[in-house]
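A closer look at the structure
Single-letter residue listing:
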Protein chains: 2
Amino acid sequence: MNAAELLSHHHLKKSSARISIIRALQELETPASEPEISNKMGIHYDRTTFYRSIQTMVEAGLIRKIVVDKLVVRYALRDKPDHAHFYCDNCQQLTCLEDIHPGPYRLPAGFQTRESDVIIRGLCNSCSNHLPIETIH
Amino acid sequence: MNAAELLSHHHLKKSSARISIIRALQELETPASEPEISNKMGIHYDRTTFYRSIQTMVEAGLIRKIVVDKLVVRYALRDKPDHAHFYCDNCQQLTCLEDIHPGPYRLPAGFQTRESDVIIRGLCNSCSNHLPIETIH
DNA sequence: TTCTTGGTGCAACATTGTTGCATTTGATAC
DNA sequence: GTATCAAATGCAACAATGTTGCACCAAGAA
Ligand SMILES: [Mn+2]
Ligand SMILES: [Mn+2]
Ligand SMILES: [Zn+2]
Ligand SMILES: [Zn+2]
């Protein structure tokens, strides 16, 4: 599904910023940070517009915002069912754990879930294999 | 358990900053942000020292850092078993869901979990009762 | 083509966390 | 108690990320 189709699917106007953000995310194929996305978007990039566009698309459900930790925020197209994410403390790579689905959670009476996040931090397979234990503090 | 005992329990030096952070968290009784904690700490507050002290105590396992979203970070004493947290999009209150425990998760081979977070966002019981539906956008 | 709503670009600002370095303090040994 | 030394603190400067106000522009509908 291309950028224009995704936008009309979510009842959003087509606009240059939105289209280039979506294309950047499609090329990157993995959840990406603002700097990573802006690199793909080339010149004529405005940070304010980025944040406003991202927010619109997040609220529309087109894009997923994954907050691993303060200073570690990644964005991804919401093209797969919700799933947990693994963040490697060593190599900073974010891995989609598409087999781990959040919830459903049994909440106290009256609480309404809008969205849930599962973030697992640790060492990824590559780092736990290649790293001598002493260097992991 | 008082502040000094908690520190020695975790093999950390007693220091004025650490003690007053712990006391603030004990008084607040709920996960609190840096501004909330610093208010409780009164005058003679230094933000750099706060962040260095918090980091030390988080790494020692004395304090839990709960990242709800960028610009929404809360800290709490790690005095209960790990549990999920509910963040109300309307009133911004963070509720401990002590009955919901994260994981254990079955990860791909080689992945090692160090810590996991479950954040559920939506409307709390108070807000879903009192709020007319139209005002929830 | 015109109209209108909403998107964009820019400047200024806000919040939260970090780094370097000189000074002070807590814990231990004497 | 006093000396010692590593570690904690305080301050200034900086960095990263997101927000707000406002003038201008562009997409989509009439
Ligand atoms: Mn994912
Ligand atoms: Mn809690
Ligand atoms: Zn890794
Ligand atoms: Zn609420």
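Computed from a prediction, not measured in an experiment: that's the story for all the values here. (Residues numbered from 1 in each chain as written. Chains lettered and ligands numbered in written order. Predicted model: local features only at pLDDT ≥ 70, side-chain atom pairs only at ≥ 80, totals over all residues. Heavy atoms only, no water.)

Brief notes about the overall build of chain A
As a reminder, the rule being used: In this text, helices come from DSSP runs of H or I with a minimum length of four residues, and strands from runs of E with a minimum of two, each type numbered from the N-terminal end. Exposure classes here rest on a 1.4 Å probe applied to the protein chains alone. A residue is buried below 20% of its type maximum, exposed above 50%, and partly exposed in between. Any pair of residues with heavy atoms lying within 4.5 Å of one another is described as a contacting pair. Values of accessible area rely on a 1.4 Å probe in the Shrake-Rupley scheme; residue burial ignores everything except the protein chains shown. Under the convention used here, Asp and Glu are negative, Lys and Arg are positive, and both His and the chain ends fall outside the count. Here the site of a charge means atom NZ of a Lys, CZ of an Arg, CG of an Asp or CD of a Glu.
Of the regular secondary structure elements, chain A holds five helices and five strands. Reading the secondary structure of chain A in the N-to-C direction produces α-α-α-α-β-β-β-β-β-α. Once the C-alpha set of chain A is aligned to its principal axes, its extents read approximately 50 × 45 × 25 Å. For chain A, the proportion of its 137 residues judged to be buried stands at 42%. The long-range share in chain A, meaning contacts at least 24 apart out of those at least 6 apart in sequence, stands at 46%. By element, 49% of the accessible surface of chain A is carried by carbon and sulfur atoms, the whole surface being about 8000 Å². If the 16 positive side-chain charges of chain A are averaged to one point and the 16 negative ones to another, these points end up 8 Å apart.

Topic: the domain arrangement of chain A
Residue and element names in this part refer to chain A. Worth spelling out the cut-off: The source of the domain bounds is an automatic or database domain assignment. Note on terms: buried area is the combined drop in 1.4 Å-probe accessible area of two parts once they are placed together, counting the loss on both. Salt bridges are defined by distance alone: a side-chain nitrogen of Lys or Arg within 4 Å of a carboxyl oxygen of Asp or Glu. Pairs of N or O atoms within 3.5 Å make up the polar contacts considered here, provided that, within protein, one atom can donate a hydrogen while the other can accept it, and that residues adjacent in sequence are counted only when both atoms are side-chain atoms.
Looking at chain A, the domain boundaries give domain 1 (1–78) and domain 2 (80–137). Each partner contributes to the roughly 1000 Å² buried at the junction of domain 1 and domain 2, and carbon and sulfur atoms together form 47% of this total. Counting across the domain 1 and domain 2 interface gives four salt bridges. Where domain 1 meets domain 2, there are six residue pairs in polar contact (both at pLDDT 80 or more).

A look at the relation of the copies chain B and chain A
Selection rule: Least squares is the method used to superpose the copies, on C-alpha atoms of residues holding a pLDDT of at least 70 in both.
Screw-axis analysis of chain B against chain A gives a translation of 0.0 Å along the axis, an RMSD of 0.1 Å, and a rotation angle of 179°. Between the two chains, the operation in question is that of a two-fold axis. Residues of chain B ranked by C-alpha distance from the rotation axis are headed by V118(B), positioned 2.3 Å from it.

A few points about the protein's contact with DNA strand C
Applied cut-off: For this description, a residue counts as near a given molecule or strand if any of its non-hydrogen atoms is within 4 Å of it. Each residue is assigned to one class: nonpolar for Ala, Val, Leu, Ile, Met, Phe, Trp, Tyr, Cys and Pro, charged for Asp, Glu, Lys and Arg, and polar for all the others, Gly among them.
Neighbouring DNA strand C are 21 residues, the closest being S15(A), R18(A), R52(A), R47(B) and Y51(B). Backbone atoms, meaning sugar plus phosphate, form 58% of the atoms of DNA strand C positioned within 4 Å of the protein. Between a base oxygen of DNA strand C and a side-chain N or O atom of R52(A), the distance comes to 2.4 Å. R47(B) places a polar side-chain atom, nitrogen or oxygen, 2.6 Å from a base nitrogen of DNA strand C. Each residue belonging to the surface near DNA strand C can be placed in one class, and the counts come to five nonpolar, seven polar and nine charged.

Topic: the coordination of the manganese ion (ligand 1)
All names here are of chain A. Quick reminder of the rule: Here the term donor refers to an N, O or S atom within 2.8 Å of the metal (or 3.2 Å for Na, K and Ca), and because water is left out of the atoms, sites may appear incomplete.
Summarising the metal site, the manganese ion (ligand 1) is bound by the protein donors H83 (NE2), H85 (NE2) and C96 (SG), whose distances to it range over 2.1 to 2.4 Å. Sequence positions of the donors to the manganese ion (ligand 1) reduce to the motif H-x1-H-x10-C. Here the residue H83 occupies a position in the loop between β2 (72–77) and β3 (84–88), and C96 occupies one in strand β4 (residues 94–97), the gap between them amounting to 13 residues.

A look at the coordination of the manganese ion (ligand 2)
Residue and element names in this part refer to chain B. In this structure, H83 (NE2), H85 (NE2) and C96 (SG) serve as the protein donors to the manganese ion (ligand 2), at separations of 2.1 to 2.4 Å. Among the residues examined, H85 registers a relative accessible area of 2% and is labelled buried. Overall, the relative accessible area of 23% leaves C96 in the partly exposed class.

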